[in-house]
Amino acid sequence: MEKNKIRLGVNIDHIATIRTNRNTDYPSLIEAVNIAEQNGADLITVHLREDRRHIQDQDLFDIRPIVKTLNLEMALTNEMIDICMAAKPDYCCIVPEKREELTTEGGLDIIGMGSNQFNLLSNSIEKFQNNKIKVSLFIDPDISQIDYAIKSGATCIELHTGSYANAMNSDIENKELNRIKVAAQFASESKLQVHAGHGLNLSNLSDICKIPQIEELNIGHAIIADSIFKGFKQAVNDFRSAIDNG
Ligand code: PXP
């Protein structure tokens, strides 16, 4: 399979974390969007969490007019569905969410979600897609979850790379990498578009970039962490180069 250029989604949540924690109006998300786009971001990703710990509702409407491609990550709740319909991002990535978690811990459990939630998922996918909002489902690299993603009507998944990124030794890392490869191949053969993300950094990115079915990576924490010492512009540039040279 020929390798596509992988799109880079720069997640700017943690720029908002710095602002929201101190209730200031800086650092500016508009500036962040502009710098990210000028330095290799193909899309801007934000996660509006139920507890609003970083991105706020108003941020979506402030950045929407200037963002070239906006990807909104959100939990599957009626509140978020209404916000998404109002903000009209280009993409919506549906993620599981627990209030007490530090970050999104696992993928969406489509198999175990129960029929009410599954119906809400299918109906939301249809509603969003009818409104030109492309939906992806953030799931673990697990064939049975992919099967259920297909049943829900999804046309795109984002594979959770957290277990690979957090692997404690090279055996686990190889096993997790292999799970991602198998899942990406199965999903692509099933006509799904394949994205990936979580916990990726300049040290662990290269093997993920070699997986031919992966079309998009969403990366946040490591880009913002690298920015502390080298600046946001350079950090986005370095991830862009790492992905392109993958
Ligand atoms: N993709 C999804 C669906 C996420 O929820 C997150 C974290 O918000 C990311 C990617 C980015 O993860 P990280 O911040 O670890 O790069």
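Everything numeric in this text was worked out from a predicted model, so none of it was measured.

### Structural notes on the overall build of the chain
Turning to step 1, where the next piece is worked out: Helix and strand content of the chain: eleven helices and eight strands.
Turning to step 2, where the next piece is worked out: On C-alpha atoms alone, the chain measures out to a radius of gyration of 17 Å, which is about the 18 Å that the 2.2 N^0.38 rule sets for 246 residues.
Turning to step 3, where the next piece is worked out: Taking the principal axes of the C-alpha coordinates as reference, the chain spans close to 45 × 40 × 35 Å.
Turning to step 4, where the next piece is worked out: Out of the 246 residues in the chain, the part that is buried amounts to 49%.
Turning to step 5, where the next piece is worked out: Looking at the chain alone, contacts between residues at least 24 apart form 69% of all its contacts between residues at least 6 apart.

### A look at the site of the ligand
Turning to step 1, where the next piece is worked out: Close contacts around the ligand come from 14 residues, with Glu-73, Glu-158, Gly-199, Gly-220 and His-221 the closest.
Turning to step 2, where the next piece is worked out: Between the ligand and the protein, one listed contact pairs an oxygen atom with a backbone N or O atom of Gly-220 at 2.8 Å.
Turning to step 3, where the next piece is worked out: Here an oxygen atom of the ligand sits 2.9 Å away from a polar atom, N or O, in the main chain of His-221.
Turning to step 4, where the next piece is worked out: Out of a free accessible area of 390 Å², the ligand has 95% covered by protein chains.

### Some points on the side chain of Ser-124
Turning to step 1, where the next piece is worked out: Within the fold, Ser-124 resides in helix α5 (residues 115-130).
Turning to step 2, where the next piece is worked out: Residue Ser-124 is classed as buried on the basis of its relative accessible area, which comes to 3%.
Turning to step 3, where the next piece is worked out: Side-chain polar atoms of Ser-124 contact the backbone oxygen of Leu-120, separated by 2.5 Å.
Turning to step 4, where the next piece is worked out: Discounting chain neighbours no more than four positions away, the residues touching Ser-124 are Leu-76 and Ile-81.

### Details of the environment of Ala-36
Turning to step 1, where the next piece is worked out: One can find Ala-36 in helix α2 (residues 29-38).
Turning to step 2, where the next piece is worked out: Taking the C-alpha atoms as reference points, Ala-36 and Phe-232, separated by 196 residues in sequence, lie 7.7 Å from one another.
Turning to step 3, where the next piece is worked out: When neighbours within four sequence positions are excluded, Ala-36 is seen to be in contact with Val-10, Ala-41, Ile-44, Phe-232 and Val-236.

### Quick word on the packing of α2 against helix α11 (residues 232-245)
Turning to step 1, where the next piece is worked out: At a minimum axis separation of 9 Å, α2 and α11 run at an interaxial angle of 40°. As the angle between them shows, α2 and α11 are arranged oblique. Like other packed secondary-structure pairs, α2 and α11 cross with a definite hand, here right-handed. Two secondary-structure elements touch here, α2 through Ala-32, Ile-35 and Ala-36 and α11 through Phe-232, Lys-233 and Val-236.

### A few points about the side chain of Asn-71
Turning to step 1, where the next piece is worked out: Mapped onto the secondary structure, Asn-71 falls in strand β3 (residues 70-74).
Turning to step 2, where the next piece is worked out: Only 3.1 Å separates the side chain of Asn-71 from the side chain of Thr-45, close enough to count as a polar contact.
Turning to step 3, where the next piece is worked out: Those residues within four positions of Asn-71 in sequence are excluded, and the remaining contacts are Leu-43, Ile-44, Thr-45, Val-46, Tyr-91, Cys-92, Cys-93, Glu-216 and Asn-218.

Reading the values: the criteria
- Sequence order as written defines the numbering, with residues in each chain counted from 1.
- Where local features are concerned, this predicted model is filtered to residues with pLDDT of at least 70; where side-chain atom pairs are given and counted, the filter is 80 or more; whole-chain, interface and lining totals use all residues.
- As a rule here, side-chain values cover all heavy atoms of the structure and leave hydrogens and water aside.
- Each helix corresponds to a stretch of at least 4 residues labelled H or I by DSSP, and each strand to a stretch of at least 2 residues labelled E; elements are numbered beginning at the N terminus.
- Computation of the radius of gyration draws on C-alpha atoms alone. For the globule rule, the value is 2.2 Å times the number of residues to the power 0.38.
- Only protein chains enter the accessibility calculation, which uses a 1.4 Å probe; a residue whose area is less than 20% of its type maximum is buried, one above 50% is exposed, and one in between is partly exposed.
- Contact definition: two residues touch when any of their heavy atoms are within 4.5 Å.
- Residues are classed as near a molecule or strand on a simple rule: at least one heavy atom within 4 Å of it.
- Polar contact criterion, stated in full: a pair of N or O atoms within 3.5 Å, where within protein one must be able to donate a hydrogen and the other to accept it, and residues adjacent in sequence count only if both atoms are side-chain atoms.
- Each accessible area value is a Shrake-Rupley result obtained with a 1.4 Å probe; residue values ignore everything except the protein chains displayed when judging cover.
- Helix axes use the C-alpha atoms of the stretch in contact, all axes being lines fitted to C-alpha atoms, and the angles between their N-to-C directions lie in the range 0 to 180 degrees.
- Angular relationships are summarised with four words: roughly parallel below 35 degrees, roughly antiparallel beyond 145, roughly perpendicular across 65 to 115, and oblique for the angles in between.
- For any pair of crossing helices, the crossing counts as left-handed if the nearer helix is rotated counterclockwise from the farther one by less than a right angle, and right-handed if it is rotated clockwise.

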